[in-house]
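# Chains, contacts and geometry: an overview
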Amino acid sequence: MSSLFNDFGRIDLYFESSSESNSKIEFSKLPEGISVDYPDWMKQPKGNGATLTIKEALTSWTDYSFTLRSSSDSSIKIDFLGPDIRTNNTKVRYPVVVSYKEIALNNDVINPNRVNVYHDKRYNNVIQLRKGEDVTVSFKIKGRFPHFDDFSKPPVFSFTTFIIVLLFSLAFGSSIGNTYSWKSNSKKSNSRKSYYDFLRIFAIFFVIYNHSAGFHLYLGYKSVGVEEFLHISLSVFDKIAVPLFFMISGALLLGKTESIKTVLTKRVSRVVLVLVFFTLLTMYMRFLCYKEVYNTDTIIRGLLQGGLPDAFPYWFLYAYLGFLVVLPFLRKIAQHIESSDIILLFCLIFIFTTFLPTLNLAFAYFKIPYVGLQGNFSFMAGYFVNLTVFCTLTGYYFDKINIEKVTARCCLFLSLLIVAGILFADIATICEKNLNGKFTQNYMLCSFELLVIPIFVLVKKFFSSGKVPKFVQHLFITVGPLIFLVYLEDLPLRYLIYPNYLYTKFNIWQYPVIQSMLWCVISIIVSGSFAYFLRKSSFVRKYL
C-alpha cells in the first residue's frame, strides 16, 4: 500500500435478486478516473457483482456519473464506501473517510445531503432494473484527507505552525471567550463549588467523544447483540453532555443581576467574537493542511446559517447565544420558580420530548394508522427550548435545593432513573432501526430529562458528602475554568494529531471506542495544559 490517505472512493454493486442466473452488470459512459472490476468474491448464483474504484477524489467536490444496465430483470444494491486500506498485511481496516452528496438516479436526486462513509460504514440504495434498461448514477465526491506518498512525509501544516496558531488562539479565546478571567481571585477560588468543575470536565469528555468515531460506531450495525447494545447505550449516555453544560449555565447565571446592556456587551459580544474567530481559524487550518479554500460568500453564509460543515462542533455556541439572548427573561422566571413549577415543566418535557415521539414511533412500528404526531410534536423541533428553558431552569432550581434532604433511598431511585432513561432511548433507537432499516440519532435524546437531572443531583450530593479529598477538589477547580478552551481547541487540534499520529503511530482502529476515549484524554490534557501555562504567563496576564 502506497499511502494511508489515498483520496479515492469505491462503489460496490450486488445482485439482490435477478430473473436469470449468472446475470451481469454492464457499464457505459465511464468517465476518466473510474475503473471497473468484477472480483471473484462478488460472484454468486444471482449474478456477478461489480466494483467501481474512483481513483481521484480531490479536496473539493468533484462530479462523477456513469451508466449501468443489467442482463436480466433484477434488483441491485449500490454501496457507496471508502477504500480498503490496511497496513502490514493485517485484517484491520483504517476508517479513511470520504464524502458523497447529491446522489441521483437518472437525474432524480435520492439523497441531496452530505454522507460521510468509510469501508465499514456505507451508504446504500437499492434500484430496480429491467433487462437492457440504462440507468445513470451521478454524485459528488470529496476526499476528507490529503494524499501522502508515505507515512513519514510530514503534512503541509507543520508542527511549528500548529504551536504558533494554538498559542495565539488560546490567548485570544481566553481573553474574550466565556466569563473566565486570567487574573484569579484566591478568595473566589476557595469559594468555588468543585462539583461545577467536575461536571464541566465530565461533560467536555463526552462532547469530544461525541465528535469521534466511537460515538458513531452504532450507525453501521446491521444487527444488535450484547456488544452493539452496549455501544448504543454509551452513545445515548454521551448525549447528556450538552444539557449538563446548560444546567451549569443556569445554576451560575440565572441568580445574577445584570442589565440587558451588560448581557449584550459582556456576554453576547464575547461569544460572537469567539465564534467568528474559531470558525475562521478552522477554515485557515483546513487551508494549511489540505489546501481547501472557502470563498467569502460561503463563510458569511455559513456563519449566519449556523456554522460551516467542517466547523460543526461550534453549533453549541449558536445554542448558547440563544440562551444569552433570553437570559434576562429567564432570570425573572427563576426569581419566582417553585417546586410545583419544576414538576410541571418536567411533565411537559416528558410528554413532548419522550412520550409523544415514542408513541408515534410505536404507531409506525405496530402499523397503527398514522395520527400525525410527528409533524407537530417531534422532540427535535423543541431542542432549543429543552436546552435554554428546561435545562437552565432545572439547573438553577436543583443547585438551590438542600442536598442534605436527598436520602440514600432517593439516590438509589435517581440511579435507577438513569438506567431507565438509557434503556428507553436504546429501545426507541433499535425500534426505529428495525422500522427503517438503519440506525440514526433521532431518538438518542428522547429521554434526556431522565438522565441529566439525576446526574446533576447525584454529583452534587457526592461532593457535598465530604468524601472527596481536598486535593482532588483543588484539581477539579484548577482544570474546570479551562474547559471552555478545551472545547474550542479540540477541532483545530484534531487536524494535526488525528491524521498524523493516531492513524499511523497507534494500531488501535480495531477498537474505536478505546481510540475515541484516548483522544478525549489527549485533547483535554494538551489544550488544558496550554491554557494553564498561558494563565501563568506574566505577559499574558498583563496584556490580555
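Located above this text is the structure these notes cover.
Below is a summary of the structure that appears in this document. (Residues numbered from 1 in each chain as written. Predicted model: local features only at pLDDT ≥ 70, side-chain atom pairs only at ≥ 80, totals over all residues. Heavy atoms only, no water.)

Here the focus is the pattern of salt bridges. Inspection of the entire model under this criterion finds 12 salt bridges. Between Arg122 and Asp79 there is a salt bridge, with its nearest N and O atoms 3.2 Å apart. Of this pair, Arg122 sits in the loop between strand 11 (115-117) and strand 12 (123-129) while Asp79 sits in strand 8 (residues 74-81), and the two are 43 residues apart along the sequence. A salt bridge links Arg331 to Glu258; the nearest nitrogen and oxygen atoms lie 2.8 Å apart. Placement of the pair is Arg331 in helix 9 (residues 327-335) and Glu258 in the loop between helix 5 (241-253) and helix 6 (260-290), with a sequence separation of 73 residues. Per residue, the accessibility class of Arg331 equals that of Glu258, and both read buried. Bridged by salt links that share partners, the residues Arg10, Asp12, Asp79 and Arg122 form one connected network. (Salt bridge = Lys/Arg side-chain N within 4 Å of Asp/Glu carboxyl O. Helix = DSSP H or I, 4+ residues; strand = E, 2+ residues; numbered from the N terminus. Buried < 20%, exposed > 50% of the residue type's maximum accessible area, 1.4 Å probe, protein only.)

Moving on: the packing of helix 10 (residues 339-365) against helix 14 (residues 449-464). Contact pair helix 10 / helix 14: the axes reach a minimum separation of 10 Å and the direction vectors enclose 140 degrees. Taken as axis vectors, helix 10 and helix 14 run oblique relative to one another. Taking contact as the criterion, the partners of Phe346, Ile349, Phe350, Thr353 and Thr354 in helix 10 are, on helix 14, Glu449, Leu450 and Ile453. Of the residues belonging to the contact of helix 10 with helix 14, the class tally is five nonpolar, two polar and one charged. (Axes fitted to C-alpha atoms, helices over the stretch in contact; angles between N-to-C directions. Parallel < 35°, antiparallel > 145°, perpendicular 65-115°, else oblique. Contact = heavy atoms within 4.5 Å. Nonpolar A, V, L, I, M, F, W, Y, C, P; charged D, E, K, R; others polar.)

This part is about the packing of aromatic side chains. In total, this model carries 32 aromatic pairs according to the counting rule given. Where Phe80 meets Tyr123, the ring centres are 6.2 Å apart and the plane angle is 40 degrees; that geometry is what we call tilted. Taken together, the positions of Phe80 in strand 8 and Tyr123 in strand 12 put the pair 43 residues apart, joining distant regions of the chain. Here Phe80 matches Tyr123 in class, with each residue buried. Here the aromatic rings of Phe316 and Tyr320 are separated by 6.0 Å at their centres, their planes lie at 20 degrees, and the arrangement is stacked. (Phe/Tyr/Trp six-rings, centres within 6.5 Å; stacked < 30°, edge-to-face > 60°.)

With that settled, consider the nonpolar core. Counting residues in each nonpolar core, the largest one holds 105 residues, and the members touching the most others are Ile204, Phe246, Tyr314, Leu317, Phe323, Tyr487 and Leu488. When residues of this core are assigned to their parent elements, the largest contribution, 11 residues, is made by helix 3 (residues 194-210). Ignoring any residue separated from it by four or fewer positions in sequence, one finds Phe246 in contact with Phe316, Ala319, Tyr320, Phe323, Leu387, Thr388, Cys391 and Thr392. Ile34, Ile76, Val135 and Phe139 belong to the second largest nonpolar core, which has 28 residues in total. (Core = buried A, V, L, I, M, F, W, Y, C linked by side-chain atoms within 4.5 Å.)

Take the sheet that holds strand 3 (residues 34-37) next. Strands sit in the order 3-6-1-8-12 across an open sheet of five strands; the sheet is antiparallel. In this open sheet, the two strands that pair with only one neighbour each are strand 3 and strand 12. Ignoring which end each strand starts from, the neighbouring axes of this sheet average 20 degrees apart. By the bridge criterion, five bridges tie strand 1 (residues 9-18) to strand 6 (residues 50-54) in an arrangement that is antiparallel. Considered in strand 6, the bridge of Ile11 is made with Leu52. (Pairing = 2+ DSSP bridges.)

Let us look at helix 15 (residues 470-479). The set of residues buried in helix 15 consists of Val472, Gln473, Phe476 and Ile477. An end-on view of helix 15 places all buried positions within 140 degrees of arc, on one side of the element. Opposite the buried face of helix 15, by more than 90 degrees, sit the exposed residues Lys470, Phe471 and His474. (Arc of directions from axis to C-beta.)

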